Structures are given as C-alpha cells and as structure tokens.
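Residue-level listing of the chains:
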Amino acid sequence: MFTATVLTMFPEAFPGPLGVSLIGTAWRERGLWSLETLDIRAFSDDRRGFLDDTPAGGGSGAVLKADVVARAVDSLSGPKRPLLYMSARGRPLTQARVKEWAKADGIVVLCGRFEGVDQRVLDARGFEEVSVGDAVLAGGEAAAMVAIEACVRLIPGVLGAAESLSSESFEDGLLEYPQYTRPRTFEGQEIPEVLLSGDHKKVAQWRQEQREITTRERRPDLWAAHTAKD
C-alpha cells in the first residue's frame with residue numbers, strides 16, 4: 001500500500017484537504033493508501049524540544065538542525081521510499097516526477113520551517129528538493145499536501161475511471177481543454193455548439209484544438225517543448 005509519511009513540526013496540520021472527497025475516502029474507508037505524520041520535535045535532545053539554531057555565517061532566522069532531522073528520518077522502517085524536501089529552490093514538481101513516485105511504496109516528505117534545513121542532512125540522506133511554484137511559503141506543509149495528493153490520485157481505484165486521467169493537463173505535454181455543463185445558457189454565455197452536436201469525432205477535434213490554444217497562450221514553455229517533439 002502507498003504510504004505517505006510527513007516529517008513536520010506541525011502534525012496537527014494534517015490531513016487537511018487530504019482527508020476529504022475521493023482522496024479522503026480512499027484513505028479512511030477503502031484503505032487504498034495510508035498517511036502518517038512524524039513530529040520532528042520529538043527527536044530533539046533539548047528538553048524544551050528546540051530543533052533549530054542560528055544560521056552558520058550569520059543572518060536572520062533559524063535553521064533546522066541536521067542531527068534532529070537525521071534522527072527523525074532514521075527512525076522510519078519499511079521499504080525504501082523517495083525522500084522529498086519541499087523547498088522553493090527545488091526542482092519543479094511535474095506530472096512526470098509524480099508518476100514515478102506514485103509507482104513506489106510511498107513517499108517521505110520533509111517540511112521545512114524558518115530559513116530551511118541544514119544542507120548536510122539533505123545530502124547525507126539523499127533528499128530530493130521539490131518546489132510547487134515560484135513563491136515562498138512559511139513552511140512546507142501546504143506544499144507537502146500538494147505533492148501527496150498528486151501522487152495519491154494516480155493510485156488505481158482512488159479516482160475511479162482510469163481513462164479520465166489520460167487527457168488531463170501535462171499528461172502529454174498539453175494543458176486540459178475547458179469544461180462545460182448545464183445550464184446550457186449562463187449569463188448570456190452558451191455552451192459551445194460542437195459539444196452538443198453528438199458528433200464524437202468533432203468533439204474530440206475541438207477539445208484537442210482547445211488544448212493546443214490554451215497551452216500556446218498560457219504556457220509557451222510547454223508549447224515549445226511539445227512542438228519540438230513533432
């Protein structure tokens with residue numbers, strides 16, 4: 001079973017959105033995946049639970065100590081899983097990386113705080129640094145939920161029909177087409193006529209065209225990579 005283990009100073013932040021809708025049902029009721037939290041503070045050798053210190057070389061803020069994080073990581077047992085550290089300077093989270101992690105027995109996600117984590121423990125334990133966007137968060141918990149949900153939704157049976165995943169954004173380098181449903185008219189705007197035609201070939205062609213248009217306009221980087229493959 002896919003097991004997500006989160007190393008955090010704030011285990012009370014979980015499950016958050018991971019505990020609702022189909023993702024939550026797959027965990028709590030169907031047992032298709034498992035979520036664990038590990039309080040990093042419990043591995044501090046300070047009686048007050050301190051696990052950070054001032055940055056070497058000076059500067060503001062604090063850094064999570066290598067020895068404390070190492071003890072937390074080393075306490076884990078079971079199959080070896082990818083170790084992820086959520087960091088604004090990490091490599092971008094992509095669907096391709098998520099698909100690889102989802103094939104594993106699970107992931108271990110380290111949530112930083114303050115100015116970050118001592119680089120030595122990241123290197124020594126083989127953490128992958130992962131970014132969920134070009135913005136800085138107060139901590140890694142929200143980013144960890146993004147990474148975990150992206151993996152869990154790919155587990156067979158979690159979302160139901162597998163074919164619903166095939167045309168989603170990033171699966172083939174393009175963004176998803178726009179979606180519509182009833183009512184047919186909303187504030188003067190109509191559902192595109194082709195979607196009501198019953199002609200599946202024309203619908204498929206329209207959706208592909210919309211994917212290309214949307215990708216070209218919103219993500220020129222993805223469009224350039226897509227056209228380079230042609």
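Just so we're clear, the structure is a prediction, and the values are computed from it rather than from any experiment. (Residues numbered from 1 in each chain as written. Predicted model: local features only at pLDDT ≥ 70, side-chain atom pairs only at ≥ 80, totals over all residues. Heavy atoms only, no water.)

Colleague: I tried to follow helix α7 (residues 220-229) on my own but got confused; where do I start?
Modeller: Residues three or four positions apart in an α-helix share a direction because the helix packs 3.6 residues into each turn. Residues of α7 that are buried include every one of L222, W223 and H226, and no others. Projected onto a plane normal to the axis of α7, the buried residues spread over an arc of 100° and lie on a single side. Exposed residues lying more than 90 degrees from the buried face of α7 are P220 and A228. Contacts from the buried residues of α7 go to α6 (200-218). (Buried < 20%, exposed > 50% of the residue type's maximum accessible area, 1.4 Å probe, protein only. Helix = DSSP H or I, 4+ residues; strand = E, 2+ residues; numbered from the N terminus. Arc of directions from axis to C-beta. Contact = heavy atoms within 4.5 Å.)

Colleague: What should I look at first to understand the pattern of salt bridges in this one?
Modeller: Oppositely charged side chains can pair when the atoms bearing their charge come close. On inspection of all chains with the given rule, the structure shows 10 salt bridges. Among the ionic pairs, E128 bridges to R97, the shortest N-O distance being 2.9 Å. One end of the pair, E128, is in strand β7 (residues 128-131); the other, R97, is in helix α3 (residues 95-102), with 31 residues separating them in the sequence. The exposure class of E128 is partly exposed, given its relative accessible area of 27%. Judged by relative accessible area, R97 falls into the buried class, the value being 10%. Across the pair R184 and E193 runs a salt bridge whose closest N-O atoms are separated by 3.4 Å. Note on E193: relative accessible area 55%, which makes it exposed. (Salt bridge = Lys/Arg side-chain N within 4 Å of Asp/Glu carboxyl O.)

Colleague: Looking at this structure, I do not really get the packing of aromatic side chains. What am I missing?
Modeller: This structure, assessed with the given rule, holds 2 aromatic pairs. Ring centres of W27 and W33 lie 5.7 Å apart, and the angle between their planes is 45°; this geometry places the pair in the tilted category. Like W33, W27 is buried. Ring plane angle 55° and centroid distance 6.4 Å describe the contact between Y180 and W206, whose orientation is recorded as tilted. (Phe/Tyr/Trp six-rings, centres within 6.5 Å; stacked < 30°, edge-to-face > 60°.)

Colleague: I tried to follow the environment of W101 on my own but got confused; where do I start?
Modeller: Here W101 is to be found in helix α3. Under the relative-accessibility criterion, W101 is labelled buried at 4%. Separated by 20 residues in the primary sequence, W101 and R81 have C-alpha atoms spaced 8.5 Å apart. Among residues more than four places away in sequence, those in contact with W101 are F2, P82, L84, L93, G106, I107, E128, V130 and C151.

Colleague: How do you make sense of helix α1 (residues 21-28) when you look at a structure like this?
Modeller: Residues of α1 that are buried: I23, G24, A26 and W27. Within α1, the buried residues cover an arc of 160° as seen down the axis, which keeps them to one side. Residues of α1 that are exposed and angled more than 90 degrees away from the buried face: S21 and R28. Its buried side turned inward, α1 meets β2 (33-39) and α5 (141-152).

Colleague: Please explain the side chain of S34 as it appears in this structure.
Modeller: Structurally, the position occupied by S34 is in strand β2. Not counting residues within four places of it along the chain, the set of residues in contact with S34 comprises M1, F2, T3, A4 and W27.

Colleague: Even after reading the chapter, I still don't get the environment of A13, so can you show me in this structure?
Modeller: Its place among the elements puts A13 in the loop between β1 (2-8) and α1. Separated by 103 residues in sequence, A13 and G116 have C-alpha atoms that sit 19 Å apart. Other than its neighbours up to four places away in sequence, A13 contacts E141 and M145.

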